[in-house]
Amino acid sequence: MGRNGSGKSTLSKVLAGHPAYTVTGGTVMYQGQNLLELVPEQRARLGLFLGFQYPVEIPGVSNLEFLRVATNARRQERGETELDTFAFEDLVTARLAVVQMDPAFLERSVNEGFSGGEKKRNEILQMALLEPVVAILDETDSGLDIDALRIVAGGVNQLASPGNATLLITHYQRLLDLITPDHVHVMAAGRILRSGGPELAHELERTGYDWVDQELALSEVG
Amino acid sequence: MAATTLAHAWQDLAGAAFPSRRMEHWRFTDLAVLTAMEPRPWSSGDPLASLQLPAGVTRLPEAELAAVAGQSLAHAGCSDHWPVRLNAGARPVRLGLRVEAGADPLQLALDAGGAGELLALHLVLLLEPGASLAVSQRVLASGAAVCSLVCEARLAADAQLHWGLVAHGHSSAALLGHLAVTQEPGSSLELVTVCSGWGCSRLEPRVQQGRGAARTRLRGLQWVDDNQLADTHSLVRFDGPDGQLDQLHKTVAAGAGRSVFNGAVQVPRAAQRTDASQLSRSLLLSDRARVDTKPELEIVADDVKCAHGATVSRLQQDELFYLQSRGIAADQAARLLLAGYCQDVLRELPTVAAGWLPIAPPFREP
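Summary of the structure given here.

Conventions adopted
Residues numbered from 1 in each chain as written. Chains lettered and ligands numbered in written order. Predicted model: local features only at pLDDT ≥ 70, side-chain atom pairs only at ≥ 80, totals over all residues. Heavy atoms only, no water. Helix = DSSP H or I, 4+ residues; strand = E, 2+ residues; numbered from the N terminus. Rg over C-alpha atoms; globule rule 2.2 N^0.38 Å. Buried < 20%, exposed > 50% of the residue type's maximum accessible area, 1.4 Å probe, protein only. Contact = heavy atoms within 4.5 Å. Areas by Shrake-Rupley, 256 points an atom, 1.4 Å probe, with all protein chains shown as cover. Lys, Arg positive; Asp, Glu negative; His and termini not counted. Charge placed at Lys NZ, Arg CZ, Asp CG, Glu CD. Axes fitted to C-alpha atoms, helices over the stretch in contact; angles between N-to-C directions. Parallel < 35°, antiparallel > 145°, perpendicular 65-115°, else oblique. Left-handed = near helix turned anticlockwise from the far one by under 90°. Patch = residues over 30% accessible without salt bridge, like charges linked within 9 Å, V, L, I, M, F, W, Y side chains within 5 Å. Salt bridge = Lys/Arg side-chain N within 4 Å of Asp/Glu carboxyl O. Pairing = 2+ DSSP bridges.

### Things to note about the overall build of chain A
Secondary structure summary: chain A contains 10 helices and 9 strands in total. Its C-alpha atoms give chain A a radius of gyration of 18 Å, within 12% of the compact-globule value 17 Å for 222 residues. Overall, the C-alpha framework of chain A stretches about 60 × 40 × 35 Å when taken along its three principal axes. Counting all 222 residues of chain A, 50% fall into the buried class. Put simply, 68% of the contacts in chain A that link residues at least 6 apart link residues at least 24 apart. For chain A, the exposed surface amounts to about 10800 Å²; the carbon and sulfur share of it is 51%. Side chains of chain A carry 19 positive and 30 negative charges; the gap between the two charge centres is 2 Å.

In structure tokens:
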């Protein structure tokens, strides 16, 4: 959690390998490797997933084909067999239930003309297919109405397992009413300023971020 | 022979001065591929030997063909264009066809080979009132060759023509094609051209809505690589009110390829309530590739909607990253994006022509 501009989205993009960012120092260790030395697609194949705040529309590229190519890239990395069109359709049909998505969206171009809620459901569908080890969901709740929020949160809950971790970036307690976090971290000026349990999110909901500014100012003086 | 000598030989065949880069409409179009060859007449048999006329399509009698040939060219204002003159000088294979009602799809396949010959076809299509036809036309070249196409279509009232041209050539081959269509009120034209692989291609779709009130939909896609050049010069003229145009022209320029698009739309005073839109979109895949794109709207009527736009861009970084972030390798992501970019033209081809796309490597499935 953290104010706008505190660096949450930047961190998520840097972890996923967005080409607009250059990392000038430090390392990110993931499964024994420095993540920063890997191209974005390799990070994804190893199980890192970024749920975009603004999922990109790709005209002309069928959603179904996109999902199949992506799923097979991850399967290949895990030593699993590639799925042909028919086998993949069975898999994707089963996974659609996770986000209660209409199969018609598979036939359309990736995210093209999707509503905000549909785009976010499509993100969670991708997560369901790619079975990431670490998923970072950047403001997955933004632009969602109450029903869509419930569906998306339900999808995230269904996908949670002891073998994976999910990092939610959010401003609002309402998402955390539906997904109970194990840990809450507050970010400011690119740093984790405070960490705690779910109660920290409740505190933020009550007090806002003013204390963060004060704490940040103090830490800079100190 | 030197290029200038060969240019003279081509000029003699056409009976008209060889196009010079000093002429506005040839400014960006280098005909070096043409002048690297001498004009050798076609000697490889009947190029239409495989033609089978589908139900509903009949041949025009010779006398009628002679009478109507050239009419659409004249209406579209291109009878004296150099490629049209060359076609006439080359003694083209002539084919005249009539459609009186609904017809089965027509296929026209031409192969200009690679033996340095000039293949010329003059096609005339007459669609009678209310007739409808889908034409899938294919042009190939596998080496040095010149293919000269002059295709005329006359759409009577309420006729419908869906015409797809897939032309894939060779870096030593040239394609010169004029597609002249005249439309009567209530008629509908959907013309989809897909062009790749030619050392030099010049396509000139030219449409005249004689009394307006017709629908014209143009879709063009050209792909250049290496030192290839693809040029589309289109013209749509409305000589009456209530005409519609929806035009999308797309380009992919890779290697040291050059792409030219010039899209003229003429809306004289008689063409009130014309609704025309034209969009040219170009994708540059290399620093050495070049795109020249120019809308050319002449609007005199005052109660019209005419929109045009042109974009030139590279592959979108955010789209590439989105695919990569799902584990798709950068090169495969680029292929998917390119295929997606082409899709909104390719999917409008008639069924048979769409099935031919594997002949053109750039448009094979990624």
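Read on, since the account is not over.
### Focus on the overall build of chain B
Assigned secondary structure in chain B consists of 8 helices and 17 strands. Against the compact-globule benchmark of 21 Å for 366 residues, chain B has a radius of gyration of 20 Å, which places it among compact chains. Reported as C-alpha extents along the three principal axes, the dimensions of chain B are approximately 60 × 55 × 45 Å. Looking at chain B residue by residue over its 366 residues, the buried ones come to 58%. Put simply, of all contacts in chain B between residues at least 6 apart along the chain, 87% involve residues at least 24 apart. Carbon together with sulfur atoms contributes 48% to the accessible area of chain B, which is approximately 14000 Å² in total. Looking at chain B, you have 32 positive and 37 negative side-chain charges, and the mean spots of the two groups are 3 Å apart.

### Re the packing of helix 6 (residues 317–324) of chain B against helix 7 (residues 330–346) of chain B
All names here are of chain B. Across the interface, helix 6 lies against helix 7 with an axial gap of 9 Å and an inter-helix angle of 125°. By the angle class used here, helix 6 and helix 7 are oblique. Helix 6 and helix 7 meet at a crossing whose hand is right-handed. Each of Glu319, Leu320, Leu323 and Gln324 in helix 6 lies in contact with helix 7, whose residues at this interface are Ala330, Ala333, Ala334, Leu336 and Leu337.

### Details of a negative patch on the surface
All names here are of chain A. The grouping of Glu82, Asp84, Glu89, Asp90 and Glu107 at the surface amounts to a negative patch. If you trace the backbone, Asp84 turns up in the loop between helix 3 (63–77) and helix 4 (85–96). Its relative accessible area of 44% is what places Asp84 among the partly exposed residues.

### Describing the sheet that holds strand 1 (residues 57–59) of chain B
Residues and elements named next belong to chain B. Reading across the sheet, the 9 strands line up as 1-2-4-6-8-10-12-14-16 and stay open at both edges, with mixed pairing between neighbours. In this open sheet, the two edge strands, each paired with only one partner strand, are strand 1 and strand 16 (290–299). Across the sheet, the mean angle separating the axes of adjacent strands is 10° when strand polarity is ignored. Here 7 bridges tie strand 2 (residues 93–99) to strand 4 (residues 115–127), and the two strands are oriented parallel to one another.

### Describing the pattern of salt bridges
Tallying each qualifying case throughout the model produces 36 salt bridges over all chains. With a shortest N-O distance of 2.8 Å, Glu204 of chain B and Arg202 of chain B are connected by a salt bridge. Notably, a salt bridge pairs Asp292 of chain B with Arg290 of chain B, separated by 2.9 Å at the nearest N-O pair. According to the relative accessible area criterion, Arg290 of chain B is partly exposed, its value standing at 38%. Overlapping salt bridges bring together Arg75, Arg78, Glu80, Arg95 and Glu131 of chain A as one network.

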